[in-house]
Amino acid sequence: GGIQIGTGQKDIGSTVTDITATFGGTKDVYLSLKYGNTLTFINSGVTSIFSTSDYQNNFKNYRNSIGNAIFNMFAIDKVEYANVFNKYGKGYKGEKVDVTNTADKKAIMDLLEYAIGYGYWMVHGKGVGSQVECYEITKSYMEKAAKLTGKIMLNYGGSRGTGKRLDIHCESSEYKFMFNLRNKQGGKYPSHIMCDYKKK
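A. Structural detail: the overall build of the chain. Within the chain, the secondary structure is distributed over six helices and 10 strands. Relative to its length of 200 residues, the chain is compact, with a C-alpha radius of gyration of 18 Å against a globular reference of 16 Å. With the principal axes as the frame, the chain shows a C-alpha extent of 60 × 40 × 30 Å. Taken across its 200 residues, the chain has 44% of its residues classed as buried. For the chain, the proportion of contacts with a sequence separation of at least 24, taken over those separated by at least 6, is 61%. Carbon together with sulfur atoms contributes 47% to the accessible area of the chain, which is approximately 10700 Å² in total. The average position of the 27 basic charges and that of the 18 acidic charges among the side chains of the chain differ by 7 Å.

Put into structure tokens, the structure is as follows:
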């Protein structure tokens, strides 16, 4: 009924660690290192979920359970989503659609909890000359950070409506999230689903 990331565990410190500090030979502290303004929680391939023929057929009789979970979670119009790519460069311009009342917020928040996880420290360097921000990602922080506030917006064709992408904007008290389905290798049909975020 939903989507999990990785092993399906939310206590992910030992998985996402870049540096592990051990104190007294027994206590491990996991540090996840990030740099820059726009960061990513999810970067997963989708070519086995959405095939080229699925797009070309406008997802008619589409039966992939993960793909349908993504469509249902974000209240994505399958035909409009296919149009973004099938009609790219042919005068297509997508709309910005408010799906706040039709998206499955509980499923989105659960997915975000898997993406954020807990059991580690976030070490975020924001750039040359900026301070390094360090904060602990506990279970309660994860739950707060994944709790959606405000609108959920779909941008078919990206911010300008003419791109080869679907952007999904939502936010919590801690982060601004942008899920997107796009091709990272310069092709037309999406190769990945991403969840970029900015700390508030």
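B. Region of interest: the sheet that holds strand β3 (residues 39-45). What the six strands build is an open sheet, ordered β3-β10-β9-β8-β7-β4; its pairing is antiparallel. Sheet topology places β3 and β4 (96-98) at the edges, where each strand pairs with a single neighbour. Between one strand axis and the next, the sheet turns by 15 degrees as a mean value, whatever way the strands run. Contacts from helix α4 (residues 78-86) reach β7 (148-156), β8 (165-172) and β9 (175-182) within the one sheet, and its direction differs from that of β8 by about 125 degrees.

C. Just unusual backbone geometry, in detail. You will see that N61, though not glycine, has its phi angle at about 60 degrees, which is positive. Locating N61 in the fold gives a position in the loop between α2 (52-56) and α3 (65-73). According to the relative accessible area criterion, N61 is exposed, its value standing at 57%. In this model, A75 sits at a positive phi of 55 degrees, which is unusual for a non-glycine residue.

D. Structural context of the pattern of salt bridges. The tally for this structure, following the rule as stated, stands at seven salt bridges. For K126, the salt bridge goes to E133, with nearest N and O atoms at 3.6 Å. On the basis of relative accessible area, K126 is assigned to the partly exposed category, the value being 37%. On the basis of relative accessibility, which here comes to 26%, the residue E133 falls in the partly exposed class. The partner of R165 in a salt bridge is D167, with the nearest N and O atoms 2.8 Å apart. We classify R165 as partly exposed; its relative accessible area is 23%. One connected set of salt bridges, linked through shared partners, spans K10, D110 and E113.

Quick notes on the rules
- Residues numbered from 1 in each chain as written.
- Predicted model: local features only at pLDDT ≥ 70, side-chain atom pairs only at ≥ 80, totals over all residues.
- Heavy atoms only, no water.
- Helix = DSSP H or I, 4+ residues; strand = E, 2+ residues; numbered from the N terminus.
- Rg over C-alpha atoms; globule rule 2.2 N^0.38 Å.
- Buried < 20%, exposed > 50% of the residue type's maximum accessible area, 1.4 Å probe, protein only.
- Contact = heavy atoms within 4.5 Å.
- Areas by Shrake-Rupley, 256 points an atom, 1.4 Å probe, with all protein chains shown as cover.
- Lys, Arg positive; Asp, Glu negative; His and termini not counted.
- Charge placed at Lys NZ, Arg CZ, Asp CG, Glu CD.
- Pairing = 2+ DSSP bridges.
- Axes fitted to C-alpha atoms, helices over the stretch in contact; angles between N-to-C directions.
- Salt bridge = Lys/Arg side-chain N within 4 Å of Asp/Glu carboxyl O.

Geometric values such as these leave the question of function open.
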